[in-house]
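For reference, the chains in residue letters:
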Amino acid sequence: MQYARSLLFNFQMYLMLGLMGIAFFPLALASRDGAQWACKTYCRWVRWTAGWMVGLKTEVRGAVPQGEVLVAAKHQSFLDIIIFSALPAAKFIMKRELLWAPVLGQYAARIGCVPVARGKRGAAIKKMVADVAAGMANPGQLVIYPQGTRVAPNRYLPYKVGSHVLYAELGQPCVPAATNVGVFWPRHGVLRKPGLAVVEFLEPIAPGQSRASFLNTLEEVVERRSQELMLEAGFADLPEENRHLTRL
């Protein structure tokens, strides 16, 4: 039964992505604010329908960042869009291939997302910094996934240097964000499990830390809190590489 409900939920979610994307596109073309409103409306739709169709509730915890800050967030699945619906004016560091995705790519460009080509690490970082600097006229919260991709709850992946490059170049506070969404909504597959999916904003990291200090602090607080949230959700299969971070 849960699988059938999940299948129906997924179908309507992607259908509404297309319908809302087309219906709201004139607003998106008119202004960045219009594009932001359209994206937030879709995010609220997904969160609302997930609640009553598959029993998956969502919650935002912690002080929601305001103004110009860097947000370094744990990335587990598509349900991370919770973070977009919570932030006043989010824009993302994203892989360049998403620009060519129907609807999603056009809206990502309109809200000021920064595309990055994978593969050539040094060139990609330089391009990312240049694109962020060029887009600073659009105020908002710049979101980066420091592990560079979606990471399943039972896997560990080191944090990459790109988040520190932006942190150092921008001279802004960095707000870490933890989550447990992957427990209920996996990277792949149809099934959506009932429960409470949480995104939690943590204490900001002040500007000025060295690369080693920043990356160590960021990984420690995000992984620890994410694993606590996963344990709270009933998930026990934690990665051995980072199991020491949990307070059991």
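For the structure, check the block above.
Figured I'd write up the structure that's included with this text. Remember, it's a predicted structure, so these values are computed and weren't measured experimentally.

By size, the foremost hydrophobic cluster in this structure holds 45 residues, and its most contacted members are Phe 9, Leu 56, Val 71, Ile 83, Phe 92 and Val 143. Elements with a minimum of two residues in this core: helix H1 (2–23), helix H3 (32–53), strand S2 (69–73), helix H4 (82–86), strand S3 (90–95), helix H5 (104–110), strand S6 (174–179) and strand S7 (195–201). Excluding residues within four positions of it along the chain, Ile 83 makes contact with Val 71, Ala 73, Phe 92, Ala 177, Val 199 and Phe 201. Core analysis: the second largest hydrophobic core is formed by 16 residues, Ile 144, Tyr 159, Tyr 167 and Leu 215 among them.

Moving on, we come to the sheet that holds S7. Read across the sheet, seven strands follow the order S1-S7-S6-S2-S5-S3-S4 without closing on themselves; strand pairing throughout is mixed. Sheet topology places strand S1 (56–61) and strand S4 (114–116) at the edges, where each strand pairs with a single neighbour. The average undirected angle you get between the axes of adjacent strands in this sheet is 20 degrees. Relative to strand S5 (residues 141–144), S2 runs parallel, the two being bridged by four bridges.

This brings us to the environment of Val 175. Structurally, Val 175 is set in strand S6. Remark: the alpha-carbon pair of Val 175 and Ala 72, spanning 103 residues in sequence, is separated by 6.2 Å. Excluding residues within four positions of it along the chain, Val 175 makes contact with Pro 65, Val 69, Leu 70, Val 71, Ala 72, Phe 201, Leu 202 and Pro 204.

Our focus in this paragraph is the environment of Gln 76. Its location among the elements puts Gln 76 in the loop between S2 and H4. Here Gln 76 falls in the buried class, since its relative accessible area comes to 1%. Sequence-distant contacts of Gln 76, that is, excluding residues within four places in its chain, are made with Arg 150, Val 151, Pro 153, Thr 179, Asn 180, Val 181, Gly 182, Val 183, Arg 187 and Met 230. Side-chain polar atoms of Gln 76 contact the backbone nitrogen of Val 181, separated by 3.2 Å. A polar atom in the side chain of Gln 76 sits 2.7 Å from the backbone nitrogen of Gly 182.

For the coordinates displayed, the defined rule picks out nine aromatic pairs. Aromatic ring contacts, followed pair by pair, group Phe 9, Phe 78 and Trp 185 into a single cluster. The ring of Phe 84 is capped by Lys 40, whose NZ or CZ atom sits 5.1 Å from the centre of that ring.

Compared with an ideal rise of 1.5 Å per residue, which puts 22 residues at 32 Å, H1 spans 31 Å between its outermost C-alpha atoms and is within 8% of the ideal. Looking at H1, one finds that the buried residues are Ser 6, Phe 9, Asn 10, Gln 12, Met 13, Met 16, Met 20 and Gly 21. Buried residues along H1 sit against helix H2 (25–30), H3 and H5.

The rules behind these values
Residues numbered from 1 in each chain as written. Predicted model: local features only at pLDDT ≥ 70, side-chain atom pairs only at ≥ 80, totals over all residues. Heavy atoms only, no water. Core = buried A, V, L, I, M, F, W, Y, C linked by side-chain atoms within 4.5 Å. Buried < 20%, exposed > 50% of the residue type's maximum accessible area, 1.4 Å probe, protein only. Helix = DSSP H or I, 4+ residues; strand = E, 2+ residues; numbered from the N terminus. Contact = heavy atoms within 4.5 Å. Pairing = 2+ DSSP bridges. Axes fitted to C-alpha atoms, helices over the stretch in contact; angles between N-to-C directions. Polar contact = N/O pair within 3.5 Å; in protein donor to acceptor, adjacent residues only side chain to side chain. Phe/Tyr/Trp six-rings, centres within 6.5 Å; stacked < 30°, edge-to-face > 60°. Lys NZ or Arg CZ within 6 Å of the ring centre and 35° of its normal. Expected span 1.5 Å × (residues − 1).

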